[in-house]
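Survey of secondary and tertiary structure
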Amino acid sequence: RHTISSSKHSRSNLCTPEHMAQVPPPPRSTNPNTREVLDLKSAFSQPRCFFSRGPGTFRVAEKLHAEVRSKVVARLIKACEEAGVPTSGVALFRGGRSACRNDTDHELLFRQESYFQYLFGVEDPDWWGMLELPSGRSTLFTPRLDEAYAIWMGELKSPQHYQEHYGADAVCYVDEMQSCLASALQGEGLLHAMAGTNTDSGEDISKVLPVVEAVPEGAKIHTDILFTVIADARVTKTAAELEVMQYASWVTSVAHVEVMRDVTPGMMEYQLEARFKYHMAEQGGSRHCAYTCICACGPNAAVLHYGHAGAPNDWQLKESDMALLDMGAEYHCYCSDITCSYPVSGRFTDDQRLIYGAVLDAQRHVISTIRAGVKWPEMHRLAWRTVLTHLRDGGVLTGHVDDMLAAGLGATFNPAGLGHLIGLDTHDVGGYLKMNPQRIAEPGISKLRTARVLEAGMCLTVEPGCYFIDCLIEQALADPAKSKFIVMEVLDRFRRFGGVRLEDVVVVTESGVENYTLCPRTVEEVESVMAGGQWPPTEDAAPWLYRKWATLDRRSGRMALQTVKTEA
């Protein structure tokens with residue numbers, strides 16, 4: 001068991017080589033991912049990066065946001081040509097705004113708006129940015145802060161500092177923005193603004209972050225192109241983005257494994273959440289979770305988005321419980337989203353093994369089938385078929401699986417979508433753009449967050465599940481078309497079971513996938529790790545998951561491949 005203790009040597013004490021000599025080395029851990037005190041002279045000698053959380057964390061490539069801007073500008077010019085509108089002008093973006101809690105002066109911890117983060121990587125609130133067309137020249141606009149800011153919040157930095165820090169072509173103050181826009185829009189240029197609805201939230205970004213106040217008089221505003229172009233650009237990741245995605249999932253995997261080792265009957269769910277947050281910060285420099293932690297144990301695992309304020313991870317773990325832990329770290333606003341399920345006792349019972357095996361087999365079939373050109377809804381149907389087959393073979397159901405699918409029984413045991421696009425948001429944008437396949441009106445399938453044909457460079461989660469949700473079971477029992485397949489005396493054993501979900505983050509390639517999730521998955525792997533076994537393993541017991549074995553080289557701040565043999 002791991003003890004979390006405080007230390008007088010905070011991160012701020014470890015920022016210079018001079019201090020480093022005064023810090024005694026920590027005890028060496030048996031965990032291969034444990035942070036060690038680094039030689040900071042070596043760490044600071046690395047090539048310039050755009051962002052890191054300091055020595056021993058990932059160094060985001062300096063080129064990431066410049067490459068993204070070039071990609072967006074090229075697509076925007078092409079879209080303007082196809083629409084028959086001028087290719088000169090500017091694209092204007094508003095960053096996230098600072099906010100307080102309700103009517104108080106309690107400042108909420110700021111996290112940048114994702115489109116603005118994508119283009120510029122700015123950490124602070126209340127910034128604006130523009131891209132000039134067709135040149136792609138970038139200008140950022142920072143608030144002109146009062147001198148008192150330095151007292152409460154820290155040093156006031158100059159536009160020149162930010163220009164170098166963020167790699168923009170220019171940085172001006174927000175109160176200079178209208179004159180800069182007017183100058184850039186001379187002639188027939190258009191001012192492209194964001195307007196479009198997020199198909200997960202239903203929110204229109206033009207209402208959430210309006211830009212009208214910044215538009216100079218007489219400017220020609222165009223809102224038909226920019227949103228679709230940039231949302232679609234975010235769907236496929238650049239190589240530099242994929243490196244950050246891989247790191248976020250590595251941090252998340254490491255934290256999940258540490259929690260898995262600690263689980264003990266009698267603990268509270270919120271203690272599992274606390275351990276995950278500790279390890280993602282301590283091991284990976286991740287300050288933000290990608291979403292609210294779901295630590296659903298026992299019957300709570302049948303609540304798909306458990307962990308919210310009304311169900312605050314406050315169940316006490318029982319030895320007979322299955323634990324379903326859905327938690328993800330965020331780094332430089334890039335997200336991971338991983339779910340592990342395992343027995344609190346550390347050993348699977350026959351019933352637990354049946355349901356877990358069904359979900360793992362669904363994950364195996366889907367991941368083995370994914371490649372560019374595959375239709376995502378077909379992967380969802382494949383997962384349904386696999387789980388229903390296992391339930392039939394385990395005696396929970398009876399009859400032909402094709403007939404069960406036709407009756408809609410798949411959605412009884414998994415009403416959620418198979419997975420979703422992931423990137424700068426956990427449920428990333430681009431799922432239902434106007435030029436892509438639209439939502440399918442079919443129970444269960446309608447919950448998919450995209451119906452797109454898969455493309456190389458897409459990042460998605462693969463998260464099959466099997467849940468015993470009382471209200472859905474009651475509906476199925478009341479429907480003769482579904483109830484005829486259910487073996488009641490067997491199903492009754494699972495009415496308080498909860499559920500199982502396994503969720504991996506993968507990137508699509510032309511010929512398959514790369515799987516960034518490095519958590520124990522087979523029954524043998526899970527039981528071994530919970531008993532104190534080695535992880536990562538020396539041999540890969542599940543090569544069909546296509547796990548991309550890697551770890552952070554803490555001295556270079558880059559991900560490095562690991563050698564893990566494939567079992568014969």
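Residues numbered from 1 in each chain as written. Predicted model: local features only at pLDDT ≥ 70, side-chain atom pairs only at ≥ 80, totals over all residues. Heavy atoms only, no water.

As annotated in an unreviewed UniProt entry, the protein is Xaa-Pro dipeptidase from Noctiluca scintillans. As recorded by UniProt, the Cofactor (unreviewed entry) comment attached to the protein reads in full: "Mn(2+)". (UniProt positions renumbered as here; feature names shortened; annotations may be inferred.)

Bringing the domain arrangement of the protein into the picture now. When its domains are assigned, the protein resolves into domain 1 (63-233) and domain 2 (239-566). On a C-alpha basis, the centres of domain 1 and domain 2 stand 35 Å from each other. At the interface, 22 residues of domain 1 touch 24 residues of domain 2. Here domain 1 packs against domain 2, burying approximately 1,800 Å² in sum over the two surfaces, 55% of which is carbon and sulfur. It is L64, R111 and D200 that lose the most area in domain 1 upon contact with domain 2, and together they represent 30% of the buried surface on that side. Here domain 1 and domain 2 share three salt bridges between them. One salt bridge connects R452 with D232, and the closest N-O pair in it is separated by 3.0 Å. Summed over the shared surface of domain 1 and domain 2, the number is 10 residue pairs in polar contact (both at pLDDT 80 or more). Listed by contribution, the elements that provide at least two residues to the side of domain 1 that touches domain 2 are helix 3 (64-83), helix 4 (114-120) and helix 9 (226-235). Broken down by class, the residue content of the side of domain 1 that touches domain 2 amounts to eight nonpolar, eight polar and six charged. (Domains from an automatic or database assignment. Contact = heavy atoms within 4.5 Å. Buried area = accessible area lost by both parts, 1.4 Å probe. Salt bridge = Lys/Arg side-chain N within 4 Å of Asp/Glu carboxyl O. Polar contact = N/O pair within 3.5 Å; in protein donor to acceptor, adjacent residues only side chain to side chain. Helix = DSSP H or I, 4+ residues; strand = E, 2+ residues; numbered from the N terminus. Nonpolar A, V, L, I, M, F, W, Y, C, P; charged D, E, K, R; others polar.)

Put simply, helix 10 (residues 239-262) and helix 19 (residues 523-530) touch, their axes get as near as 8 Å, and they point 65° apart. Classified by the angle their axes make, helix 10 and helix 19 are roughly perpendicular. Across the interface between the two elements, V257, M260 and R261 from helix 10 touch V526, V529 and M530 from helix 19. Residue classes in the contact of helix 10 with helix 19 are distributed as five nonpolar, no polar and one charged. (Axes fitted to C-alpha atoms, helices over the stretch in contact; angles between N-to-C directions. Parallel < 35°, antiparallel > 145°, perpendicular 65-115°, else oblique.)

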